[in-house]
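What the coordinates show
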Amino acid sequence: IFEYNGSALVAMVGKNCFAIASDRRLGVQLQTIATDFQRIYKIHDKLFIGLAGLATDAQTLYQKLVFRHKLYQLREERDMKPQTFASLVSALLYEKRFGPFFCQPVIAGLGDEDKPFICTMDSIGAKELAKDFVVAGTASESLYGACEAMFKPDMEAEELFETISQALLSSVDRDCLSGWGGHVYVVTPTEVTERILKGRMD
Amino acid sequence: MSRRYDSRTTIFSPEGRLYQVEYAMEAIGNAGTAIGILSNDGVVLVGEKKVTSKLLQTSTSTEKMYKIDDHVSCAVAGIMSDANILINTARVQAQRYTYAYQEPMPVEQLVQSLCDTKQGYTQFGGLRPFGVSFLFGGWDKNYGFQLYMSDPSGNYGGWKAAAIGANNQAAQSMLKQDYKDDITREEAVQLALKVLSKTMDSTSLTSDKLELAEVFLSAGKVKYQVLSPESLSKLLVSIGLTQPAAEVT
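Just so it is clear, the structure is predicted and the values come from calculations on it, not from any experiment. (Residues numbered from 1 in each chain as written. Chains lettered and ligands numbered in written order. Predicted model: local features only at pLDDT ≥ 70, side-chain atom pairs only at ≥ 80, totals over all residues. Heavy atoms only, no water.)

Moving on: the interface of chain B and chain A. Interfaces are often sized by the accessible area lost when the parts come together. The interface of chain B with chain A comprises 13 residues on the first partner and 10 residues on the second. Where chain B abuts chain A, roughly 1,100 Å² becomes buried across the two surfaces, and 58% of that area is made up of carbon and sulfur atoms. The interface formed by chain B and chain A contains two salt bridges. Between Asp69 of chain B and Lys70 of chain A there is a salt bridge whose closest N-O contact spans 3.7 Å. Counting across the chain B and chain A interface gives four residue pairs in polar contact (both at pLDDT 80 or more). Within the residue set of the side of chain B that touches chain A, elements represented by two or more residues are strand 3 (65–69) and helix 2 (80–101) of chain B. Element by element, the count of residues in the side of chain B that touches chain A is highest for helix 2 of chain B, at six residues. Classifying every residue of the side of chain B that touches chain A gives three nonpolar, five polar and five charged. (Contact = heavy atoms within 4.5 Å. Buried area = accessible area lost by both parts, 1.4 Å probe. Salt bridge = Lys/Arg side-chain N within 4 Å of Asp/Glu carboxyl O. Polar contact = N/O pair within 3.5 Å; in protein donor to acceptor, adjacent residues only side chain to side chain. Helix = DSSP H or I, 4+ residues; strand = E, 2+ residues; numbered from the N terminus. Nonpolar A, V, L, I, M, F, W, Y, C, P; charged D, E, K, R; others polar.)

This is the structure:
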């Protein structure tokens, strides 16, 4: 079921910044039905979540997260920290332990003092915190290899963008279910840059 | 007379009145005034803060103004603890609607569903009604800017200008005289502050006794802004309702 729609997600940590990138293909098994599908969503200015896996579950899970986060914002009058948000996602996923959401989230945000935070989890909420990069989706195996090779710690925003884009594009080329370009968000404490990549459109 | 009928909230009196609901409205008559004015480009809500001790921690949270959702906010008059419960209920209802329909809840529907909750306490359960009145100000794409007033009985109405809390009759009649249909948001702010200054007990208005919030459109999105004490002071001075602070040499 995880390979029904196809997806590729990666997040990387840089120096006081992070980048999160996804592919843009939405397919129904072998047929491509959209080439502009959004997998990365903004929760607030310094927190992004990407959802890989079954597209319908990704959309519903996102809507549930918006619900919970909005109430948190209204009640606490502040934005959620990425670590707290990750725990929220993990709890939501575990609630459905015996009938899970077929999604793998990738969470990336700037926490206290703008320290970058990334994590991923499996579809029932097991958190995997990493200091360098996290990957998810059908292309995850190639992404692991590409990131391990290309990653250096403490990259600045521009270099981080280049690295994550190269890692994403080369990995999705090896995976038939993901591709059709890339969508990259680079987030620093002062601004968010969103860029669309053109790769092998297949 | 008819004292026997007071203690049960869910029973009519022989004259056909619900005493508990009326007593709840009495309780609100002792609370700080709140005024709402609808203008052609926004809704203005002003509230009088009753608790102004120096010892009170002035945190960022407000006493009378609350945000329900990005496009709706409200001013409160009455028992604060009751208000908190209702505000929470309203927030959850708004989010549930957004989750189901993926669009913001229309203001009237939100007011209606909250009033349905309030009405439930006047008909079953044996619990007392909420001692709160609300002024809801918001925007939706069907009807634009709207102002609603609701009371403990669960009644609500759409208004162009309304007042709740202490001296609300006096405030309401003043608003009736001075309100014009094509009032702008700036004029509405001035009118609200003027009316409030006349109905408040104290001689002069200072920014620590008031809260002012505006709901307006900015760059196509609805914004809810509570004025900071500094901007409020400047505004009061410019309208001539406060003497400017003496220059410190």
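To continue, consider the packing of helix 2 of chain B against helix 3 (residues 107–123) of chain B. Residues and elements named next belong to chain B. Direction vectors running N to C along helix 2 and helix 3 enclose 130°, while the axes themselves pass 10 Å from each other. One finds that helix 2 runs oblique with respect to helix 3. Where helix 2 crosses over helix 3, the handedness of that crossing is right-handed. Contacts between helix 2 and helix 3 pair Leu86, Thr89, Ala90, Gln93, Ala94 and Tyr97 from the former with Gln109, Leu110, Ser113, Leu114, Thr117 and Lys118 from the latter. Looking at the contact of helix 2 with helix 3 residue by residue, the class counts come to six nonpolar, five polar and one charged. (Axes fitted to C-alpha atoms, helices over the stretch in contact; angles between N-to-C directions. Parallel < 35°, antiparallel > 145°, perpendicular 65-115°, else oblique. Left-handed = near helix turned anticlockwise from the far one by under 90°.)

For the rest of this paragraph, the subject is helix 4 (residues 157–173) of chain A. Count 3.6 residues to each turn of an α-helix, and residues three or four apart come out pointing the same way. Residues and elements named next belong to chain A. Counted at 1.5 Å a residue, the expected span for helix 4 with its 17 residues is 24 Å, and the 24 Å between its end C-alpha atoms agrees. What helix 4 keeps buried is the set Leu160, Phe161, Thr163, Ile164, Ser165, Ala167, Leu168, Leu169, Ser171 and Val172. Residues of helix 4 that are buried in the fold lie against strand 1 (8–13), strand 2 (18–23), helix 3 (140–150), strand 11 (182–187) and strand 12 (192–197). (Expected span 1.5 Å × (residues − 1). Buried < 20%, exposed > 50% of the residue type's maximum accessible area, 1.4 Å probe, protein only.)

Before going further, it helps to examine the sheet that holds strand 8 (residues 116–121) of chain A. Residues and elements named next belong to chain A. With antiparallel pairing, five strands are arranged side by side in an open sheet as 5-6-7-8-9. Edge positions in the sheet fall to strand 5 (40–44) and strand 9 (127–130), since each of these pairs with one other strand and no more. Averaged over all pairs of adjacent strands, the angle between their axes in this sheet comes to 20°, without regard to strand direction. For strand 5 and strand 6 (residues 47–53), the ladder comprises four bridges, and the chain directions are antiparallel. Residue pairing for strand 6: Lys42 is matched across the bridge by Phe48. Packed onto the sheet, helix 1 (residues 55–76) meets strand 5, strand 6 and strand 7 (103–110) and runs at close to 5° relative to strand 5. On top of the sheet, helix 2 (residues 82–95) reaches strand 5, strand 6, strand 7, strand 8 and strand 9; it is set at about 10° to strand 8, its chief contact. (Pairing = 2+ DSSP bridges.)

This part covers unusual backbone geometry. Residues and elements named next belong to chain A. Not every positive phi belongs to a glycine, and Asn16 is a case in point at roughly 55°. Within the secondary structure, Asn16 is located in the loop between strand 1 and strand 2. Residues other than glycine seldom take positive phi values, yet Asp114 does so here, at roughly 55°. Within the secondary structure, Asp114 sits in the loop between strand 7 and strand 8.

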